[in-house]
Structure formats: C-alpha cells, structure tokens
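What the coordinates show
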Amino acid sequence: MDERTFVELGVKLTEVATRNGAALITDRIRTAKAKKESKEIINELEEIISDLLSDKSEIQRIAQAYEQELVSQKITEEDIRYITDNLLPLFTEFIPDKDKNQIEQLKKILSVETLTIMQLIGFNYKHAIGEPLTLLCRKYIESNIPMDSKINVDYTMAMATLAKDKEATKRFYNLLGREMPEENNSDEI
C-alpha cells in the first residue's frame, strides 16, 4: 500500500472516531432525555443508535481496506518457494558464463530464509522489486515501438527552428527548468 492510501484510511478512521465520540453521544442522550415528549426521546435515541451502527459499518470497511492492502503486500511462503525454485534457473539462462559465480550470491539473497526474514522486518518486495521491474519492462517495450517517421521529421524541424531563435531557445530551457549551456549563451546560435 502506498503511503497516501494509509494516510487516507487513517483520516477516514479519525473522522469516524471523532464524529460520535463518547462525550458527544452522552450530550446527545442528555439532550434527548430533556425533551418532554417520549416520542421525541425515542426518535432521538433511535437516530443515535443508527449513527453508531453506521459508524461501526464504516470502521469495519476501513479495517477491511487496511487488511486487503496489507495482505496484497505480503508474499506467502508458497510464493517465496515458487520464486526461489523458479527464478534462479531463469537467471542462469540469461547470465553469461563468466558471471555464473553471481548466481551463488543470488541464491543466498533469494533463499526462502532470507526472503522470509526480509519480509518480517518490513521489506516490501512488490514495491521495491516488482514496481521497478514493471517500469523497466514498460520502458524496454516502449523503446522498441517504432516511431512514426513524420513525427520524427516534425520534431527535428521544430528543434531546428528553435535553435535558430535565441529567445525561443531561452524560453525552451526555462520551460524545462534548466539553464542554457554556455555555448548557447552567445549571440550566435
């Protein structure tokens, strides 16, 4: 779970907990009892009970959301065994023979014991390894998508036009939040 989700759930939990706190409920009951009509008292008490039941349901939903997020981060022992049994043989296929000694180091890191201990002390494999690996695969795939030649020509022409205009070049660098290189600061471009 990302930090933002934990914070959002914490804020919701705080709102629910303070919405109908003990002091507020006591005041509401005292106010209800002060009314002369027993029908009004009953209606007020029913409303208090309804609010409390609603809060209880919301707290249960928040607790389930916390639980789902925590479970989604945890790698089961079965998952760990699958990773250790299947990932290392894959690495051996991709690592050149001269680097095979690194496999032994990987075996120590990817052992069931190490993975279990790391997870117990709070290491999040999905966040630390899974997300960057996903991003790496995405970038690799995107880098192999052929670019439309018209887009390339249009981009090249736009950059050439930009290079001819010193003020436009300055604005471009400002837009990027960078300073123009010294060789471009001269009056000749």
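Above this text you will find the structure in question.
Presented here is a report on the structure given in the accompanying data block. Predicted, not measured: the structure shown is a model, and the values here were computed from it. (Residues numbered from 1 in each chain as written. Predicted model: local features only at pLDDT ≥ 70, side-chain atom pairs only at ≥ 80, totals over all residues. Heavy atoms only, no water.)

On a plain count of helices and strands, the chain comes out with nine helices and zero strands. The order of helices and strands in the chain, counted from the N terminus, is α-α-α-α-α-α-α-α-α. Taken over the C-alpha trace, the chain has a radius of gyration of 31 Å; the compact-globule value for 189 residues is 16 Å, which it surpasses by more than 25%. When the backbone C-alpha atoms are referred to their principal axes, the chain occupies close to 90 × 55 × 30 Å. Residue burial in the chain is summarised as follows: out of 189 residues, 17% are buried. Counting only carbon and sulfur atoms, one obtains 59% of the accessible surface of the chain, whose full area is about 15100 Å². Of the charged side chains in the chain, 26 are positive and 35 negative, and the gap between their average positions amounts to 3 Å. (Helix = DSSP H or I, 4+ residues; strand = E, 2+ residues; numbered from the N terminus. Rg over C-alpha atoms; globule rule 2.2 N^0.38 Å. Buried < 20%, exposed > 50% of the residue type's maximum accessible area, 1.4 Å probe, protein only. Areas by Shrake-Rupley, 256 points an atom, 1.4 Å probe, with all protein chains shown as cover. Lys, Arg positive; Asp, Glu negative; His and termini not counted. Charge placed at Lys NZ, Arg CZ, Asp CG, Glu CD.)

Moving on, we get to the environment of Leu 52. Its place among the elements puts Leu 52 in helix 3 (residues 38-73). The class for Leu 52 is partly exposed, based on a relative accessible area of 35%. The spatial distance from the C-alpha of Leu 52 to the C-alpha of Glu 78 is 41 Å, given a sequence separation of 26 residues. Each residue touching Leu 52, except ones within four places of it in the same chain, is listed here: Asn 20 and Ile 25. (Contact = heavy atoms within 4.5 Å.)

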